[in-house]
Amino acid sequence: MAAATIALLAAEGEEQNPLIPAVYDIVWSIVALAVVAFVFWKFVLPMAQRVLDERTEKIEGGLVRAEEAQAEAQAALEQYRAQLAEARTEAAQIREDARTQGQQIIAEMKAQAQEESDRIVAAGHNQLTAQRQQIVAELRGDLGRTAVDLAEKVIGESLSEDVKRAGSIDRFLDELDSVDTKTAAGK
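Residues numbered from 1 in each chain as written. Predicted model: local features only at pLDDT ≥ 70, side-chain atom pairs only at ≥ 80, totals over all residues. Heavy atoms only, no water.

With an unreviewed UniProt entry as reference, the protein is termed ATP synthase subunit b, source organism Rhodococcus triatomae. Recorded under Sequence similarities (unreviewed entry), the UniProt text for the protein is reproduced unchanged: "Belongs to the ATPase B chain family." (UniProt positions renumbered as here; feature names shortened; annotations may be inferred.)

A count of helical and extended segments in the protein gives three helices and zero strands. Of the regular secondary structure in the protein, the N- to C-terminal order runs α-α-α. Here the protein holds 187 residues, and the buried ones make up 3% of them. Here the protein displays about 16500 Å² of accessible surface, and carbon together with sulfur accounts for 61% of that area. (Helix = DSSP H or I, 4+ residues; strand = E, 2+ residues; numbered from the N terminus. Buried < 20%, exposed > 50% of the residue type's maximum accessible area, 1.4 Å probe, protein only. Areas by Shrake-Rupley, 256 points an atom, 1.4 Å probe, with all protein chains shown as cover.)

What follows concerns the UniProt feature "coiled-coil region" (unreviewed entry) in the protein. In the UniProt entry, the feature "coiled-coil region" (unreviewed entry) is given for residues 63-97. As a span, residues 63-97 carries 100% helix and 0% strand, and end to end its C-alpha atoms are 50 Å apart.

The subject of this paragraph is the UniProt feature "transmembrane region" (unreviewed entry) in the protein. When the UniProt feature table is mapped onto this chain, "transmembrane region" (unreviewed entry) is found at residues 23-45. With 100% helix and 0% strand, the stretch residues 23-45 has end C-alpha atoms that lie 30 Å from each other.

Our focus in this paragraph is the environment of Phe172. Structurally, the position occupied by Phe172 is in helix α3 (residues 162-186). Through-space distance from the C-alpha of Phe172 to that of Gly144 is 8.1 Å; in sequence the pair is 28 residues apart. In this structure, Phe172 is in contact with Leu143 and Ala147, ignoring residues within four places of it in sequence. (Contact = heavy atoms within 4.5 Å.)

The next subject is a negative patch on the surface. On the surface, a cluster of negative charge is contributed by Asp53, Glu54, Glu57 and Glu60. For Asp53, the location among the structural elements is in helix α2 (residues 23-155). Residue Asp53 is classed as partly exposed on the basis of its relative accessible area, which comes to 43%. (Patch = residues over 30% accessible without salt bridge, like charges linked within 9 Å, V, L, I, M, F, W, Y side chains within 5 Å. Salt bridge = Lys/Arg side-chain N within 4 Å of Asp/Glu carboxyl O. Lys, Arg positive; Asp, Glu negative; His and termini not counted. Charge placed at Lys NZ, Arg CZ, Asp CG, Glu CD.)

Enumeration according to the criterion identifies three salt bridges in this entry. A salt bridge links Glu96 to Arg99, with the shortest nitrogen-to-oxygen separation between them at 2.9 Å. With Glu96 and Arg99 both in helix α2 and three residues apart, the pair spans about one turn of that helix. Classification of Glu96 as partly exposed rests on a relative accessible area of 38%. Looking at Arg99, the relative accessible area reads 46%, which means it is partly exposed. Arg119 is the partner of Glu116 in a salt bridge, and the nearest nitrogen-oxygen pair spans 2.4 Å. With a gap of three residues between them, Glu116 and Arg119 both fall in helix α2, about one helical turn apart. By relative accessible area, which is 47% here, Arg119 ends up partly exposed.

Structure (structure tokens):
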């Protein structure tokens, strides 16, 4: 058939440009193109538009969620920084309070130690004074007896009378005290 068509055309003698198709080919091509365009416009294009809209919505929603997440993260970071600053301030305050309390404890301990030292020194001083008085009293008694014994040997008579003995001993001890006081004042 194609050969018959070619032959028929050649027989007619018309010269047709091989680059320009026949009118019926153009019409049928336009009809087919219109059907394809209609189907494309009616079914394919709305579906593609819906997919693009969904993607746009997802992207915009993702951007909004990302911005919200970033804002939340920034707020959490600021809150963390505020808590950290507060914790540092509180730690500094605790250190300062501890240092102050330590100084107070040291001062109290020094005061207690000084009081205890003063008490011990006073007790020692009182004890020394009491022992000195006791020793002086014992020495006076011993010195008095020794003086009486020496006086009896020197005088050659007995000083057994208590009145004489007491008067002689007191006089002798008073002389010793006055000599001791003068010696202590001279030093």
